[in-house]
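# Analysis of the macromolecular model
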Amino acid sequence: MTRGSLRFRLTTVFGLMFFLAGGAVFTGAIILVGNSMEYTLQLPFPASLRPGPESLRPALEETSGPAVPSALPRVVIDAASRETVLASMQANLTVKGGLTVLAVGAAATTMGWLATGRLLRPLNRITSTAERVAGRTLQQRIGLDAPPGEVKRLADSFDSMLDRLDQAFAGQDRFIANAAHELKTPLAVGRTLVEVAIARPTASADVKLLGENLLAVNERHERLIDALLTLARAENAATDRLPVDLGEVAGAVVQHMDREIRRKGLRTRLTASPAPVAGDPLLLEQMIRNLVDNSVKYNLVGGELEIRTGTTAAGAYLSVGNDGVPIAAHEILVLFEPFRRLTDRVGSTGGSGLGLSIVRAVAHTHQGDAVAMPRAKGGLTVTVTLPCAP
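Read on for an overview of the structure. (Residues numbered from 1 in each chain as written. Predicted model: local features only at pLDDT ≥ 70, side-chain atom pairs only at ≥ 80, totals over all residues. Heavy atoms only, no water.)

Attention now moves to the nonpolar core. In terms of nonpolar packing, the biggest core is built from 39 residues, with I288 and L318 touching the most fellow members. The set of elements that each furnish at least two residues to this core consists of helix 5 (246-256), helix 7 (281-297), strand 6 (304-312), strand 7 (315-322), helix 9 (355-365), strand 8 (369-374) and strand 9 (380-386). With seven residues, helix 7 is the single largest residue contributor to this core. Among all residues touching I288, those that are not within four sequence positions of it are L246, V249, A250, V253 and L318. (Core = buried A, V, L, I, M, F, W, Y, C linked by side-chain atoms within 4.5 Å. Buried < 20%, exposed > 50% of the residue type's maximum accessible area, 1.4 Å probe, protein only. Helix = DSSP H or I, 4+ residues; strand = E, 2+ residues; numbered from the N terminus. Contact = heavy atoms within 4.5 Å.)

Dropping the structure here:
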């Protein structure tokens, strides 16, 4: 986690640049000092200033007057002594100078770490706001109070983008509400007219049969519109997070659909272990209802309906499996697309082809996922995994 952060990479680059620059300056200093010392040691020194045993110093002639420095005899340090002095100087300079470079480099790297963190703080704020927006609502804003600059421009641009997205989604929600009213009203009026027509005493058998067929078509259209509106709401709505137990909801859905299950003679295996999540109760109930409804519709007569809920390390899960026709692995991917159904191959069951699309949309809205796996003897098992509630 730390190695992949921008702060760590910038601090590492700054530290390496300082050590390289410090090493180059230190190496140049050693070379310059060494050349200067070698040049200096080759110059003649007054004999009285040259260190060494007293016996090696030439005797000075006594004079009655004061000593004249220019008259002092001068000597040159021999090569062996020069090499000894140079080696000692270089060793001393290398050790002490190297330790100094390391100490200053460590201090500079630490200061770079602190300075980088201070400079990247606005970016961290932008990232945190983006994560909150992605997880919850578009109402969050950065509102960065900083001097004009690149980071300030980025924060303001991000806030402007959020404003436009918020307006777009608000307009879409209004469109969905208006569309629901405009689409359902004609269907309701048409259903009422057909019911009145077939209820007349003078209605013939043909008229009644036609009316029943029209009512069936009308009901199918109403279900399709409801499914489309649910899919749009699941994909775009910022849901309120309330505690929901998938096990309890699954048990209630199975009990509600008991008549359809018994009519088809299905063997129900329900394992409703606690599976607490946080989300929109209506959307989660619709998700489970779609899964169970699909498993009942596409099941074989007298087949098995298996429903399990619980928790794992990945989160809370809901698994719904049914018997049915064999399904190839490559067909699984298209089942979650709108208006794709197994009835394209095995005959119509009155479904709209939006059931699994709604399931995956609801799962994604709650930061989860939905996957499907074919069963060995035919049929399908769909598993929804959602983050566990705290």
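After presenting the structure, the write-up continues.
Our next topic: the pairing of strand 6. Looking at chain direction, strand 4 (residues 267-272) and strand 6 are connected through six bridges and run parallel. Its bridge partner being in strand 6, L270 is matched across the sheet by I307. Both strand 6 and strand 7 contribute to a ladder of eight bridges, which runs antiparallel. The residue bridging G310 from the neighbouring strand is Y317, located in strand 7. Connecting strand 6 to the next strand, strand 7, in antiparallel fashion are two residues. (Pairing = 2+ DSSP bridges.)

Let us look at the sheet that holds strand 7. The strand order across the open sheet formed by five strands is 4-6-7-9-8, and the pairing between neighbours is mixed. In this open sheet, the two edge strands, each paired with only one partner strand, are strand 4 and strand 8. Adjacent strand axes in the sheet meet at a mean angle of 15 degrees when their direction is disregarded. On top of the sheet, helix 5 reaches strand 4, strand 6, strand 7 and strand 9; it is set at about 165 degrees to strand 6, its chief contact. Contacting strand 6, strand 7 and strand 9, helix 7 crosses the sheet at an angle of about 25 degrees to strand 7. (Axes fitted to C-alpha atoms, helices over the stretch in contact; angles between N-to-C directions.)

The next point concerns the pattern of salt bridges. Any two side chains of opposite charge can pair if their charged atoms end up close together. For the structure on display, the rule yields nine salt bridges. Here the residues in one salt-bridge network are R269, E304, E306, R308, D323 and R375, joined through shared partners. (Salt bridge = Lys/Arg side-chain N within 4 Å of Asp/Glu carboxyl O.)

Our focus in this paragraph is the side chain of K264. Relative to the helices and strands, K264 is located in the loop between helix 6 (258-263) and strand 4. Buried within the structure, K264 lacks any salt-bridge partner; its nearest side chain of opposite charge belongs to D293, at an N-O separation of 9.5 Å. In this view, K264 contacts V296, K297, Y298, N299, L300, V301 and G302; residues no more than four positions away in its chain are not counted. (Lys, Arg positive; Asp, Glu negative; His and termini not counted.)

This part covers a nonpolar patch on the surface. Together, F8, M111, W113 and L114 make up a nonpolar patch on the protein surface, roughly 380 Å² of accessible area in all. Ranked by residue count, the leading element in the nonpolar patch is helix 2 (residues 79-135), at three residues. Relative to the assigned elements, L114 resides in helix 2. (Patch = residues over 30% accessible without salt bridge, like charges linked within 9 Å, V, L, I, M, F, W, Y side chains within 5 Å. Areas by Shrake-Rupley, 256 points an atom, 1.4 Å probe, with all protein chains shown as cover.)

Moving on, we get to helix 9. Counting buried positions over the eleven residues of helix 9 gives nine, a clear majority of the element. Taken together, the buried positions of helix 9 are occupied by G355, L356, S357, I358, V359, A361, V362, A363 and T365. With its phi angle positive at about 60 degrees, Q367 sits one or two positions after the end of helix 9.

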